[in-house]
Amino acid sequence: MKKTALWTSTAIFLIAASAIPVSASAQKHSKNATSRQQPAVLYASRPEALQFADDLAARRDLDREWVRQAIGQARFLPQVPRLMLPPARGTAKNWRVYRSRFIDPVRIRAGQRFWQENQATLARAEREYGVPAEIIVGIIGVETIYGQQMGTFRVMDALATLAFDFPAAHPRAAERTEFFRRELEQFLSLTHRSNIDPFEPRGSYAGAMGLGQFMPSSWVRYAIDFDGDGRVDLFNSPADAIGSVANYFIGHGWTPGMPTHFGVQFDPSRLQLDDLLAPDILPTFSVASLQTKGAMPDAAGAQHTGPLALVELQNGPDAPSYVAGTDNFYAITRYNWSSYYAMAVIELGREVAAARAR
């Protein structure tokens with residue numbers, strides 16, 4: 001793929017932080033995606049796909065035949081809908097197992113190299129946006145091991161498959177179908193406007209692209225030219241990826257200088273755990289209200305003036321772990337709606353920083 005030619009300043013694609021980040025296991029599925037493809041089933045045979053193409057062309061004032069050709073030549077990827085299904089009911093969450101997938105020697109060493117090679121850029125992003133280098137390093141490490149696993153699916157095929165064949169068994173099938181149809185529309189609008197072959201970009205099974213795995217709608221709003229070369233390239237420019245991740249967090253409410261979370265202990269005599277967990281990861285409680293309900297933040301947390309959430313991290317058959325998450329913890333979950341993901345990002349960044357200091 002001619003990546004250096006693809007990502008001009010007019011061809012900004014996006015990250016779906018709010019959408020679907022790519023796990024290590026999902027990336028493994030993507031490595032041999034092309035070689036495992038069955039004889040192509042094209043969307044040209046699907047009337048609803050071509051009707052969508054006509055409607056999209058009219059909405060976006062695009063060439064109708066170009067849009068019909070693009071969607072019609074997209075391939076159905078049978079493995080992709082299966083990858084979107086949630087784990088079977090009864091599957092126990094386990095923070096320690098999840099953590100071990102992302103905080104390991106390979107990723108930490110790669111993070112050290114990435115930080116060393118991009119030290120000045122990370123410092124500039126922290127200075128200009130107030131997002132710590134640790135957090136940016138954690139995101140790019142969790143998402144792609146610093147560019148080692150950016151995905152090999154044709155983005156056009158992945159987005160078309162999820163737009164027209166999202167698995168009906170998913171509990172949010174209708175909502176996710178609409179999401180992917182919007183992403184497909186963004187992708188085609190941008191490639192058409194920029195005269196880019198929509199079948200060139202490669203990414204994850206969900207259509208996320210680049211070092212930070214941006215979806216086509218987040219790239220438009222948050223991707224930036226941070227290396228000053230006049231174009232945005234989230235595939236080949238670590239500087240653009242670093243600046244864009246920082247810009248994404250600012251766009252999702254990151255507050256410079258605020259910690260992501262605090263330690264917390266329980267007073268069993270007045271603990272109201274169900275009430276504390278009801279808002280999930282949305283910061284809702286003041287320190288005083290947490291204490292009233294039996295959750296006692298540590299000394300630093302007791303001085304926090306903003307809202308907090310009690311975040312539960314299950315450990316399989318063992319007792320869960322808990323932290324008090326701030327608005328900045330919540331901002332990390334805008335990249336991926338998961339407290340486990342947010343903690344993995346935070347802890348990978350910390351481990352890389354600690355390894356650099358040794």
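Here the structure is a predicted model, which means the values were calculated and not measured. (Residues numbered from 1 in each chain as written. Predicted model: local features only at pLDDT ≥ 70, side-chain atom pairs only at ≥ 80, totals over all residues. Heavy atoms only, no water.)

## Let's talk about the packing of aromatic side chains
Right, so step 1: Scanning the entire structure with this criterion turns up 18 aromatic pairs.
Right, so step 2: Taken together, F214, Y222, Y248, F249, W254, Y335 and Y341 form an aromatic cluster joined through their ring pairs.
Right, so step 3: Seen from the ring of F226, R124 lies directly overhead, with NZ or CZ sitting 3.6 Å from the centre.
Right, so step 4: In this structure, R176 is placed above the aromatic ring of F179, and the distance from its NZ or CZ to the ring centre is 4.6 Å. (Phe/Tyr/Trp six-rings, centres within 6.5 Å; stacked < 30°, edge-to-face > 60°. Lys NZ or Arg CZ within 6 Å of the ring centre and 35° of its normal.)

## Quick word on the confidence of the model for the protein chain
Right, so step 1: Across the protein chain, the average pLDDT comes to 90, with 89% of residues at 70 or higher.
Right, so step 2: The low-confidence segment residues 1-35, where pLDDT is below 50, has 127 contacts with residues more than four positions distant or belonging to other chains. (pLDDT = per-residue confidence, 0-100. Contact = heavy atoms within 4.5 Å.)

## Quick word on the environment of D63
Right, so step 1: Considering the arrangement of structural elements, one finds D63 in the loop between helix 4 (47-60) and helix 5 (64-73).
Right, so step 2: What makes D63 partly exposed here is its relative accessible area of 41%.
Right, so step 3: Between the C-alpha atoms of D63 and H192, which are 129 residues apart in sequence, the distance is 8.5 Å.
Right, so step 4: Excluding residues within four positions of it along the chain, D63 makes contact with A57 and H192.
Right, so step 5: Of note is the side chain of D63, whose polar atom sits 2.7 Å from the backbone nitrogen of W66. (Helix = DSSP H or I, 4+ residues; strand = E, 2+ residues; numbered from the N terminus. Buried < 20%, exposed > 50% of the residue type's maximum accessible area, 1.4 Å probe, protein only. Polar contact = N/O pair within 3.5 Å; in protein donor to acceptor, adjacent residues only side chain to side chain.)

## As for the packing of helix 4 against helix 5
Right, so step 1: Taken N-terminus to C-terminus, the directions of helix 4 and helix 5 make an angle of 145 degrees; their axes are 9 Å apart at the nearest point. Once helix 4 is placed against helix 5, the crossing between them reads as right-handed. For the pair helix 4 and helix 5, contact is made by A49, L50, F52, A53, D54, L56 and A57 and by R64, V67, R68, I71 and G72, respectively.
Right, so step 2: In the contact of helix 4 with helix 5, the residues fall into eight nonpolar, one polar and three charged. (Axes fitted to C-alpha atoms, helices over the stretch in contact; angles between N-to-C directions. Left-handed = near helix turned anticlockwise from the far one by under 90°. Nonpolar A, V, L, I, M, F, W, Y, C, P; charged D, E, K, R; others polar.)

## Quick word on the pairing of strand 6 (residues 318-325)
Consecutive side chains along a regular strand alternate between the two faces of the sheet.
Right, so step 1: Pairing between strand 3 (residues 261-266) and strand 6: three bridges, direction antiparallel. Bridged to G263 within strand 6 is V323.
Right, so step 2: Here strand 5 (residues 309-315) pairs with strand 6 via six bridges, running antiparallel. Paired with L313 across the bridge in strand 6 is S321. (Pairing = 2+ DSSP bridges.)

## With respect to helix 11 (residues 155-164)
Right, so step 1: Most of helix 11 sits out of view: ten of its ten residues are buried.
Right, so step 2: When helix 11 is considered as a whole, its buried residues turn out to be V155, M156, D157, A158, L159, A160, T161, L162, A163 and F164.

## Quick look at the pattern of salt bridges
Right, so step 1: The final tally for this structure, using the stated rule, is 16 salt bridges.
Right, so step 2: Ionic contacts of the salt-bridge type, sharing partners, join the residues D54, R64, E65 and R68 into one network. (Salt bridge = Lys/Arg side-chain N within 4 Å of Asp/Glu carboxyl O.)

## Focus on the packing of helix 9 (residues 119-129) against helix 10 (residues 133-144)
Right, so step 1: Where helix 9 contacts helix 10, the axes come no closer than 9 Å and their chain directions differ by 120 degrees. When the axis of helix 9 is compared with that of helix 10, the two are oblique. When helix 9 is examined against helix 10, the residues L122, A125 and E126 are found in contact with a partner set consisting of A133, I136 and V137.
Right, so step 2: Residue composition of the contact of helix 9 with helix 10, grouped by class: five nonpolar, no polar and one charged. (Parallel < 35°, antiparallel > 145°, perpendicular 65-115°, else oblique.)

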